[in-house]
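# Geometric and topological summary
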Amino acid sequence: MKLEKTEIIKALETITVAGEGKNMVESGAVTNVITFGDEVIVDLVVATPALNIRKRAEVDIMKVIHEKVYEKAKVKVNIKVEAPAATAPNKPPVIKGKPIPGIKNIIAVASGKGGVGKSTVTSNLAVTLAKMGFSVGLLDADIYGPSAPIMFDVERERPLSVRVGDKSKMKPVENYGVKILSIGFFTQPNQAVVWRGPMAAKALNQMIFDAAWGELDFMLIDLPPGTGDIHLSIMQSLPITGAVVVSTPQNVALADAKKGVAMFQQESINVPVLGIIENMAYFTPEELPDNKYYIFGKEGAKHLAEDIAVPFLGEIPLVQSVREAGDVGRPAALQTDTPIEKAFDELTKNVVREVVARNENLPPTEAIEITTMAGCAAVKK
């Protein structure tokens, strides 16, 4: 069968590149279409280097050609990344973060909604990485609700001062092979942190840059719930390798998780989303270890990941031992030969796999730039 270029273009007019309002042809994303008999080559230009956006565009093109033109067509998609050029004639002052020497990968762990177990997942992910032989650090960036000191049984510990060259720096507290810094180390247990954004950002910068983290394979950042000032401060301060979003299967949580993913995928931020984790996926009673009760819904986060074309990293069941382990300061993933250990092992392997794929396929992330303008702030790359 001989494919017609006009039919291919007409089919491509029915789909868009994620994040763009116009269809692929109208927006100029499709730069060329070549047909040879039953073969077609589509050249596409996108503005974001995000792997999931490029993969989704390729899949959409192949699918629409097979469905609307010829189901046995041999389709090849060439994708080129071209970031739009800045057009502002008068560039305002720029505040830009810098990488920390010795830290290879920085993973932000976020959630759109509070109470979904983000800090629990972060702590167990950290200790599992450490068990696998990686050097790991954890920055508890949840300024208003720090929980890392409790979850790692180091509430009474305080970071010491050490000399690094000619500078004095904080030495992170360490337990279970994980280096930890948290605002909880500098406040009393019953003391509320009532700070405005700039004060919180300053405290975070001190824990990031005035600390002797040493050589780390992974730094995990436990972000506060939602999307706001702390998130921008972190992404302004550090080049985030990728983000992980935690959600329960419940529709209310999924709606907020979708917003969390959208925040990282904004063109002005453009942090690769490594995937979504489903926490409290099902309830398993201790006396009925083979039973699964889907209290918050079944596979909601998995379906969300499929809908928005990001990887699904795994599911963690709702079991009593996870809560108990966090309360006594010994993450549940440290328990050997348990379903929870196996679940976190699988989850962690998937995270590492996505980090490797991200580093192989995408350029290094840069910290976002915050440009300040008369009474307002704009975020840009």
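Residues numbered from 1 in each chain as written. Predicted model: local features only at pLDDT ≥ 70, side-chain atom pairs only at ≥ 80, totals over all residues. Heavy atoms only, no water.

Following the criterion strictly, the structure yields 1 cavity of 30 Å³ or more and no others. Looking at the largest cavity, the residues that line it are Ser119, Thr122, Ser123, Leu138, Ser147, Ala148, Met151, Phe152 and Asp222. Of all elements in the fold, only α3 (118-131) and α4 (148-151) reach the threshold of two or more residues within the lining of the largest cavity. Looking at the lining of the largest cavity, the element that brings in the most residues is α3, giving 3 residues. Class assignment of the residues belonging to the lining of the largest cavity gives a composition of 4 nonpolar, 4 polar and 1 charged. (1 Å grid on protein atoms, 1.4 Å probe; cavity = no way out; pocket = protein on both sides within 12 Å on 5 of 7 lines; lining within 4 Å. Points joined across faces, edges and corners; volume = space filled by probe spheres on them. Helix = DSSP H or I, 4+ residues; strand = E, 2+ residues; numbered from the N terminus. Nonpolar A, V, L, I, M, F, W, Y, C, P; charged D, E, K, R; others polar.)

On to the nonpolar core. Ile221, Ile234, Ile240, Phe264 and Ile276 are the most contacted members of the largest nonpolar core, which totals 44 residues. Going through the elements one at a time, β5 (103-110), α5 (197-209), β11 (216-222), α6 (229-237), β12 (242-247), α7 (251-265), β13 (273-283) and α8 (300-307) are the ones with two or more residues in this core. For this core, the element with the most residues is α5, which contributes 6 residues. In this view, Ile234 contacts Leu139, Ala141, Leu204, Ile208, Ile221, Leu223 and Ile240; residues no more than four positions away in its chain are not counted. Core analysis: the next-biggest nonpolar cluster, separate from the first, contains 41 residues, Leu129, Phe185, Val319 and Ala325 among them. (Core = buried A, V, L, I, M, F, W, Y, C linked by side-chain atoms within 4.5 Å. Buried < 20%, exposed > 50% of the residue type's maximum accessible area, 1.4 Å probe, protein only. Contact = heavy atoms within 4.5 Å.)

Once that is clear, we can look at the packing of helix α1 (residues 5-12) against helix α2 (residues 51-68). In the contact formed by α1 and α2, the axes pass within 9 Å of each other and the chain directions differ by 120 degrees. On the basis of the axis angle, α1 is oblique to α2. Where α1 crosses over α2, the handedness of that crossing is right-handed. On α2, the residues that touch Ile8, Ala11 and Leu12 of α1 are Ile61, Val64, Ile65 and Lys68. Split by residue class, the contact of α1 with α2 holds 6 nonpolar, no polar and 1 charged. (Axes fitted to C-alpha atoms, helices over the stretch in contact; angles between N-to-C directions. Parallel < 35°, antiparallel > 145°, perpendicular 65-115°, else oblique. Left-handed = near helix turned anticlockwise from the far one by under 90°.)

End to end, α2 covers 26 Å across 18 residues, agreeing with the expected 26 Å (1.5 Å per residue, within 8%). Of the surrounding secondary structure, the elements contacted by the buried residues of α2 are α1, β2 (39-46), β3 (74-81), α7 and α10 (339-361). (Expected span 1.5 Å × (residues − 1).)

Okay, the packing of aromatic side chains next. For the structure on display, the rule yields 4 aromatic pairs. Measuring from ring centre to ring centre gives 5.1 Å for Phe134 and Phe218, while their planes differ by 90 degrees; the resulting arrangement is edge-to-face. Of this pair, Phe134 sits in the loop between α3 and β6 (136-140) while Phe218 sits in strand β11; the two residues are 84 residues apart in sequence, bridging distant segments of the chain. You can call Phe134 partly exposed: its relative accessible area is 26%. Geometrically, the ring pair formed by Phe283 and Tyr293 is tilted, given 6.5 Å between the ring centres and 40 degrees between the ring planes. One end of the pair, Phe283, is in strand β13; the other, Tyr293, is in the loop between β13 and α8, with 10 residues separating them in the sequence. Overall, the relative accessible area of 30% leaves Phe283 in the partly exposed class. (Phe/Tyr/Trp six-rings, centres within 6.5 Å; stacked < 30°, edge-to-face > 60°.)

Now for the sheet that holds β5. Reading across from one edge, β9-β10-β6-β11-β5-β12-β13-β14 is the order of the 8 strands in this open sheet, with mixed pairing throughout. Because the sheet does not close on itself, it has two edges, and the strands there are β9 (173-175) and β14 (312-318). Adjacent strand axes in the sheet meet at a mean angle of 25 degrees, parallel and antiparallel pairs treated alike. Across 4 bridges, β5 lies against β12 in parallel orientation. The partner of Val109 across the bridge, within β12, is Val244. Contacting β5, β6, β10 (178-182), β11, β12 and β13, α3 crosses the sheet at an angle of about 170 degrees to β11. Strands in contact with α7 are β5, β12 and β13; relative to β12, the strand with the most contacts, it is inclined by about 170 degrees. (Pairing = 2+ DSSP bridges.)

Running from amino to carboxyl end, α3 crosses α10 at an angle of 80 degrees, the nearest separation of the two axes being 9 Å. Judged by the angle between their axes, α3 and α10 are roughly perpendicular. Residues Val121, Asn124, Leu125, Thr128, Leu129 and Lys131 of α3 form the contact with α10, whose own contacting residues are Glu341, Phe344, Asp345, Leu347, Thr348, Val351 and Val352. The residue inventory of the contact of α3 with α10, partitioned by class, reads 7 nonpolar, 3 polar and 3 charged.

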